[in-house]
Amino acid sequence: MTPVAGARIAVLGTTLLGLAVMAFVTSRAEIALDQRRSSYEDMSHDTKAMQDDDLTNPAMLSVLDGEALWTAKAGASGKSCADCHGDAKASMKGVAARYPALDAATGRPVNLEQRINLSRERDQKAAPFRYESAEMLALTAYIALQSRGQPIDPPKDERLAPFREKGRALFEQRIGQLNLSCAQCHDDNWGKSLAGNLIPQAHPTGYPIYRLEWQSLGSLQRRLRNCMTGVRAEPFAFGALEYVELELFLMWRARRMTMESPGVRP
Amino acid sequence: MAAPARTLINVPQKAKRGDVILIRSLISHVMENGFRIDNTGKPIPRNIITSLVCTYNGTEIFNATLHPAISANPFITFHTVATESGTIAFKWTGDNGFQAEASAQITVE
């Protein structure tokens, strides 16, 4: 971590502490469906313009890599994604809007990244991509792009319900040295400032996102780690079930909102 | 990824002679500034794009020298005057022998 980032987190910490006190006074609880807004709406004119134009959105550079990966043969099977799934523009339309979904073989929810790796291991007989690797981000960005403009549509599978409820419990559970839950910021205090930044409602409408602060593409789990270290909690390992449960809850919380992937965020 | 750099360039396909046109270019590059250290305290060597040259039918119309303070995936945009039909070509060069090229056609009526 750079010294600047360290200092920033220290400032963030102090402000979070102030918020924790404030949260007792102003609890708004769950956001009404018609009150929900993508953090896109709160971005500057320039950042919005960057996302809106595929020739200025830096995530589109990774999408080009993802498109190449889609048709690249991989693993012992010698098959590419396209060999089974055909044209992603048709076969992957709306897929990212439905994830995380249940993996029937293990009875557990899997997110889009894990689904890609399951296909690589089971069908392509290829080595899985590492979380946050350029390849994984590129392929998820390419697949998620095919859902752009579609409403988020979590699966209705009842077997997912207990996992989603665990995700909700995690969202509402106080964690870290600052003893804050996700809900205390993103349900109760959205729209207010945190160290000069606006607190968003935290709807995962644009993942993977190109974050200007990161100067790269990143997954929703990277973003969740960000918040966890912000409240000085120990983040889960990438791919942990807890994160997937949280993703499941967040996608349900953002149901019917419009997918923007790949989004740009400050 | 060891894959070649990805580029996205935007040049109007058609323009009237004498029109002022907007040229936009985006290229994938980490732009590692050389001032950072890794987890073990070792400095991460500088790895940036150092120059962009743009030519219009072989004539240089724009060049830029890039420095470490420029963020990853540099987006460079400028205006020029549409003079004749032909090719607008971009060439980026940088540290560690980095090279990338891209071009677009324009029809001037």
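Not measured: the values here are computed from a predicted model. (Residues numbered from 1 in each chain as written. Chains lettered and ligands numbered in written order. Predicted model: local features only at pLDDT ≥ 70, side-chain atom pairs only at ≥ 80, totals over all residues. Heavy atoms only, no water.)

Caption draft 1: Seen up close, the overall build of chain B. Secondary structure assignment for chain B yields 0 helices and 8 strands. Listing each helix as α and each strand as β along chain B from the N terminus yields β-β-β-β-β-β-β-β. Along the first, second and third principal axes, the C-alpha set of chain B runs to 60 × 25 × 20 Å. A burial count over chain B gives 37% of its 109 residues as buried. In the form shown here, chain B has an accessible surface area of approximately 6,100 Å², with 51% of it arising from carbon and sulfur atoms. (Helix = DSSP H or I, 4+ residues; strand = E, 2+ residues; numbered from the N terminus. Buried < 20%, exposed > 50% of the residue type's maximum accessible area, 1.4 Å probe, protein only. Areas by Shrake-Rupley, 256 points an atom, 1.4 Å probe, with all protein chains shown as cover.)

Caption draft 2: Here's a closer look at the interface of chain A and chain B. In this assembly, 17 residues from chain A lie in contact with 15 residues from chain B. Of the roughly 1,400 Å² buried between chain A and chain B, counting both surfaces, carbon and sulfur atoms make up 65%. Linking chain A with chain B are 2 salt bridges. One salt bridge in this structure joins Arg24(B) and Asp53(A), with 2.7 Å as the shortest N-O distance. In this structure, the connection of chain A to chain B is made through 4 residue pairs in polar contact (both at pLDDT 80 or more). (Contact = heavy atoms within 4.5 Å. Buried area = accessible area lost by both parts, 1.4 Å probe. Salt bridge = Lys/Arg side-chain N within 4 Å of Asp/Glu carboxyl O. Polar contact = N/O pair within 3.5 Å; in protein donor to acceptor, adjacent residues only side chain to side chain.)

Caption draft 3: Region of the structure containing the sheet that holds strand β6 (residues 216-218) of chain A. Residue and element names in this part refer to chain A. Read from one edge to the other, the open sheet built from 3 strands follows the order β6-β5-β7, with strand pairing classed as mixed. Pairing within the sheet leaves two strands with one partner each, and these edge strands are β6 and β7 (264-265). As paired elements, strand β5 (residues 209-211) and β6 share 3 bridges and run antiparallel to each other. Bridging from a neighbouring strand, Tyr-210 pairs with Leu-217 of β6. (Pairing = 2+ DSSP bridges.)

Caption draft 4: Representation of the side chain of Arg36(A) within the structure. All names here are of chain A. In this structure, Arg-36 sits in the loop between α1 (3-25) and α2 (45-52). Although Arg-36 is buried, it forms no salt bridge, and the closest oppositely charged side chain is Asp-34 at an N-O distance of 7.5 Å. At 3.0 Å, the side chain of Arg-36 forms a polar contact with the backbone oxygen of Leu-33. Looking at Arg-36, its side chain comes within polar contact range of the main-chain oxygen of Arg-253, at 2.7 Å. Excluding residues within four positions of it along the chain, Arg-36 makes contact with Ile-31, Gln-201, His-203, Arg-253, Ala-254, Arg-255 and Met-257. (Lys, Arg positive; Asp, Glu negative; His and termini not counted.)

Caption draft 5: Region of the structure containing the packing of aromatic side chains. Counted according to the given criterion, the structure contains 7 aromatic pairs over all chains. For the pair Phe62(B) and Phe78(B), a centre-to-centre distance of 4.0 Å together with 5° between the ring planes defines the contact as stacked. Remark: Phe78(B) occurs in strand β6 (residues 75-81) and Phe62(B) occurs in strand β5 (residues 59-65); sequence separation between them is 16 residues. Ring pairing ties together the aromatic residues Phe171(A), Phe249(A) and Trp252(A), which thus form one cluster. (Phe/Tyr/Trp six-rings, centres within 6.5 Å; stacked < 30°, edge-to-face > 60°.)

Caption draft 6: Expanded view of the nonpolar core. Grouped together as the largest cluster of nonpolar side chains are 40 residues, with contacts concentrated most on Trp70(A), Leu139(A) and Ile143(A). For this core, the secondary-structure elements that each account for two or more residues are α3 (59-70), α4 (81-85), α6 (112-122) and α7 (134-145) of chain A. The biggest single contributor to this core is α7(A), with 9 residues. Excluding residues within four positions of it along the chain, Leu139(A) makes contact with Gly66(A), Leu69(A), Trp70(A), Cys81(A), Ile116(A) and Phe129(A). Membership of the second largest hydrophobic core comes to 26 residues, among which are Ile27(B), Tyr56(B), Leu66(B) and Phe78(B). (Core = buried A, V, L, I, M, F, W, Y, C linked by side-chain atoms within 4.5 Å.)

Caption draft 7: View of the confidence of the model for chain B. Taken as a whole, chain B shows an average pLDDT of 94; of its residues, 97% reach a score of 70 or greater. Under the prediction, the complex receives an ipTM of 0.90, its pTM being 0.89. (pLDDT = per-residue confidence, 0-100.)

Caption draft 8: Just α6(A), in detail. For α6(A), the tally of buried residues reaches 8 of 11 residues, placing the bulk of the element in the interior. On its buried face, α6(A) sits against α4, β1 (101-103), β2 (108-110), α7 and α11 (241-253) of chain A.

Caption draft 9: Structural context of the packing of helix α10 (residues 220-230) of chain A against α11(A). All names here are of chain A. Two elements in contact, α10 and α11, have axes separated by 11 Å at closest approach and are oriented at 100°. In this view, α10 runs roughly perpendicular relative to α11, as classed from their interaxial angle. Taken together, the residues of α11 that come into contact with α10 (itself represented by Leu-220, Gln-221, Leu-224, Arg-225 and Met-228) are Tyr-243, Val-244, Leu-246, Glu-247 and Leu-250. Each residue belonging to the contact of α10 with α11 can be placed in one class, and the counts come to 7 nonpolar, 1 polar and 2 charged. (Axes fitted to C-alpha atoms, helices over the stretch in contact; angles between N-to-C directions. Parallel < 35°, antiparallel > 145°, perpendicular 65-115°, else oblique. Nonpolar A, V, L, I, M, F, W, Y, C, P; charged D, E, K, R; others polar.)

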